[in-house]
Amino acid sequence: MEIVAFLHALLVEPFVAMWQNPEFLLEVAIGGLLTGVMYSLVALGFVLIYKASGVFNFAQGTMVLFAALTFVGLLERGFPVWASFLLTALAMIAMAFVIERLVLRPLVNQDPIILFMATIGLTYFLEGFGQIVWGGDVHPLDIGIPKSPLIIGGVLINEFDLVAAAVCGVLVTVLAVFFQRTAIGRALRAVADDHQAALSVGIPLKNIWVIVWAVAGIVGLVAGILWGSNLGVQFSISLVALKALPVLILGGFTSVPGAIVGGLIIGVGEKVAEVFWTPATGGAIEDWFAYALALVFLLIRPQGLFGERIIERV
Amino acid sequence: MLYREAGQFKSSYGADEAIFPIRQDRWLFAAALIVAYVVVPLIASEYWLLSILIPFLVFSLAAIGLNILTGYAGQVSLGTGGFMAVGAFATYKLATSFPDLNIVVVFILAGLITAMVGVLFGWPSLRIKGFYLAVATLAAQFFLIWMFNKFPWFNNYTPSGVISAPPRAVFGHVFVTGAEANSVDKYLFVLSAVTLLALAAKNLVRGRVGREWMAIRDMDIAAEIIGIRPLKTKLLAFAISSFYCGIAGAMWAFIYTGGVEALAFDIDRSFQILFMIIIGGLGSILGSFLGAAFIVLLPLLLERTPMALGFDVPVNYLSNMQSMIFGALIIFFLIVEPRGLARLWQIGKEKLRMWPFPY
């Protein structure tokens, strides 16, 4: 009998609850959508680097943390917002140079797993470095993003989430224009397509890598500012990377739209599951639900929703 | 001069297929075993046995497990911590439900349970490959840890959630778990288990099964075409790898820490073991030991050095500094020798064979 009650709680009651209160469902879904935007931003950094260099950059989450720490550190030392943003962006560009020179270049042509491990090493390094330079405390961050709740059509929405969504939209548009319309963007797409072919038509691979790591760093900065304004800048931001991974496999490692759509799906799925399935499972399923969801998608499409079709040859 | 195989003739296929075909290697191995079994228990202090050697051996076992899966069969897994937790909790449940069962049997049964869980979570590997699979194994990691934290059945409804290992003997009054267990007994027990399992692994990867794994690793489609069944081969790799990880987890909880706690097997543990096999050498049993030694000793070294040099640094500064140096050293090692310490060992041996001639 116990098992029947459990199955009832697992398979029936959540849907009844959703059906009875559709406005609440919508509210939860929108809340999830906006968390999803944040996941997308972190996943975007992963995708950029993976596309251009085939490196699975585990350090993206720590780059977000590092950027946010630098930004908040500069703010606390009296710099205005725009100056801090510019200086942090410069720091991220400088970091891209250093990483390319000291980590990527010596490891050219190694197995992907070796490069992956190197980025985990980078994660440790940046975590230590960031906290030595800026301290390990929680820094509150307020750059004047409004946070009051709004009621639109009977649904409660936080203003902050709208701003975050708008920023994300602008960022993606800028990146799309950058990729499609500029010479550098074309070069980046060429490298992503085929390293050797790109080299043979004279595209300097090293510079491309620096650029792409710098862009990923700046995307990380934006993500870090948004996360930081919401929750304060603290060490746990780097754990967001773990949330971005299921987003990545859901959307496909090589697809920018995939990162966005994947982030939204994961965000909504996670929130809805957390709210409606807590009575059945006892809560705290946020930790693994995203992975389970991504796994189900993967079993149907092994390359992710928008990933390039895997063609295997002997 | 000392290390040369000239004059060592083999007169049977068996001799040619030995693990150590060169006599000096056999001597070295025998000497290492004597040191480990006789000299170390005589001279090592309690601290060395309990805080360095036992974790080193347990980590080596887990690293061998992961190396079978990742280094030999080519399936990258980030779920090692989760599988170790399965082993630990299975041991706890078995040991408390059947108090009369010998601890060795309990460990083996726990390993088998872990193997089954491993097969379950290895199932997606038939469709998902590469980094997609790596991230998918994180699902196992997070789900298993959540499950052990969530359902009090696993810790026998202990209110605090932390449970201590009950005392159990291997035979007679030789206790290896629990409070009054002797550290030398514990060490010898772990050492024997690791020796046996490492030898088994070494022979496994040298034989038909190991070759099938390596064929799948190098190119799975080609392997399939020449008649290797991917279903059987991949799931076998997951099962055996999880068996090793499960036993390692059980020993970690029961013999090293003396308590079972899901937090001890979080994602960081998985990365730590992945580091060991990368630093030590993918696809090498010796590498698993070298990597485990490196990862166990390095943090200790980083902790002790500033004190030894007479610097007085604040604790939080020190821990950040450690993580920086750790990260930098990992990158450095990957750049210097991406194929790991085992490869360095091999190069050293090659050089020694030729010495003093250049070639």
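Below is a short write-up of the structure. Everything numeric in this text was worked out from a predicted model, so none of it was measured.

**Comments concerning the overall build of chain B**
(1) Moving on: Looking only at helices and strands, one finds 14 helices and two strands in chain B.
(2) Moving on: In terms of overall dimensions, chain B is globule-like: its C-alpha atoms have a radius of gyration of 21 Å, near the 21 Å expected for 359 residues.
(3) Moving on: With respect to the principal axes defined by its C-alpha atoms, chain B has extents near 65 × 60 × 50 Å.
(4) Moving on: A total of 359 residues make up chain B; the buried ones form 50% of that total.
(5) Moving on: In chain B, of all internal contacts separated by at least 6 residues, the share reaching a separation of at least 24 is 74%.
(6) Moving on: When the accessible surface of chain B is split by element, carbon and sulfur atoms take 68% of a total near 16,800 Å².
(7) Moving on: Side chains of chain B carry 25 positive and 19 negative charges; the gap between the two charge centres is 8 Å.

**Some words on the environment of A:Val247**
(1) Moving on: Along the chain, A:Val247 falls in helix H11 (residues 240-251).
(2) Moving on: Residues contacting A:Val247, with those up to four places away along its chain left out, are A:Tyr39, A:Ala43, A:Ala259, A:Gly262, A:Gly263 and A:Ile266.

**Observations concerning the packing of aromatic side chains**
(1) Moving on: Taken as a whole, this structure holds 35 aromatic pairs over all chains when the rule is applied.
(2) Moving on: Arranged with centres 4.8 Å apart and planes meeting at 15 degrees, the rings of A:Phe56 and B:Phe131 form a pair that is stacked. In this pair, A:Phe56 is assigned in the loop between helix H3 (22-53) and helix H4 (60-76) and B:Phe131 in helix H6 (residues 130-150), connecting two distinct chains. Taken as a pair, A:Phe56 and B:Phe131 share a single burial class, namely buried.
(3) Moving on: Both rings, one in B:Phe243 and one in B:Tyr244, keep their centres 6.2 Å apart while their planes meet at 75 degrees; by these two values the pair is edge-to-face. In this pair, the class of B:Phe243 matches that of B:Tyr244, namely buried.

**Thoughts on the interface of chain B and chain A**
(1) Moving on: Tallying the contact residues gives 41 residues for chain B and 49 residues for chain A.
(2) Moving on: Both faces considered, chain B and chain A share a buried interface measuring about 4,100 Å² in area, 81% of it formed by carbon and sulfur atoms.
(3) Moving on: Connecting chain B to chain A are zero salt bridges.
(4) Moving on: Going through the elements one at a time, H6, helix H9 (220-225), helix H11 (267-280) and helix H13 (315-336) of chain B are the ones with two or more residues in the side of chain B that touches chain A.
(5) Moving on: Top element by residues in the side of chain B that touches chain A is H13(B). It accounts for twelve residues.
(6) Moving on: Class assignment for the residues of the side of chain B that touches chain A results in 33 nonpolar, four polar and four charged.

**Quick look at the pattern of salt bridges**
For side chains bearing opposite charge, pairing can occur when the charged atoms are close.
(1) Moving on: The tally for this structure, following the rule as stated, stands at nine salt bridges over all chains.
(2) Moving on: Where A:Glu270 meets A:Lys243, a salt bridge forms, and the shortest distance between an N and an O atom there is 3.8 Å. Taken together, the positions of A:Glu270 in helix H12 (residues 256-281) and A:Lys243 in helix H11 put the pair 27 residues apart, joining distant regions of the chain. One exposure class covers both A:Glu270 and A:Lys243, and it is buried.
(3) Moving on: Notably, a salt bridge pairs B:Lys234 with B:Asp220, separated by 3.9 Å at the nearest N-O pair. With a gap of 14 residues between them, B:Lys234 in helix H10 (residues 230-257) and B:Asp220 in helix H9 connect regions that are remote in the sequence.

**Examining the side chain of B:Lys93**
(1) Moving on: Examined against the element boundaries, B:Lys93 turns out to sit in helix H4 (residues 80-97).
(2) Moving on: Non-local contacts of B:Lys93, meaning those with residues more than four positions away in its chain, are made with B:Trp153, B:Phe154 and B:Asn156.

**With respect to the nonpolar core**
(1) Moving on: Counting 209 residues, the largest nonpolar core has A:Phe116, A:Trp213, A:Leu245, B:Met251 and B:Phe254 as its most contacted members.
(2) Moving on: Per-element tally for this core: the top contributor is helix H10 (residues 205-231) of chain A, with 16 residues.
(3) Moving on: If near-sequence neighbours (up to four positions away) are discounted, A:Trp213 is found in contact with A:Ile49, A:Ser53, A:Val55, A:Asn57, A:Met63, A:Ala96, A:Ile99, A:Leu104, A:Thr119 and A:Leu122.

Thresholds, definitions, all that
Residues numbered from 1 in each chain as written. Chains lettered and ligands numbered in written order. Predicted model: local features only at pLDDT ≥ 70, side-chain atom pairs only at ≥ 80, totals over all residues. Heavy atoms only, no water. Helix = DSSP H or I, 4+ residues; strand = E, 2+ residues; numbered from the N terminus. Rg over C-alpha atoms; globule rule 2.2 N^0.38 Å. Buried < 20%, exposed > 50% of the residue type's maximum accessible area, 1.4 Å probe, protein only. Contact = heavy atoms within 4.5 Å. Areas by Shrake-Rupley, 256 points an atom, 1.4 Å probe, with all protein chains shown as cover. Lys, Arg positive; Asp, Glu negative; His and termini not counted. Charge placed at Lys NZ, Arg CZ, Asp CG, Glu CD. Phe/Tyr/Trp six-rings, centres within 6.5 Å; stacked < 30°, edge-to-face > 60°. Buried area = accessible area lost by both parts, 1.4 Å probe. Salt bridge = Lys/Arg side-chain N within 4 Å of Asp/Glu carboxyl O. Nonpolar A, V, L, I, M, F, W, Y, C, P; charged D, E, K, R; others polar. Core = buried A, V, L, I, M, F, W, Y, C linked by side-chain atoms within 4.5 Å.

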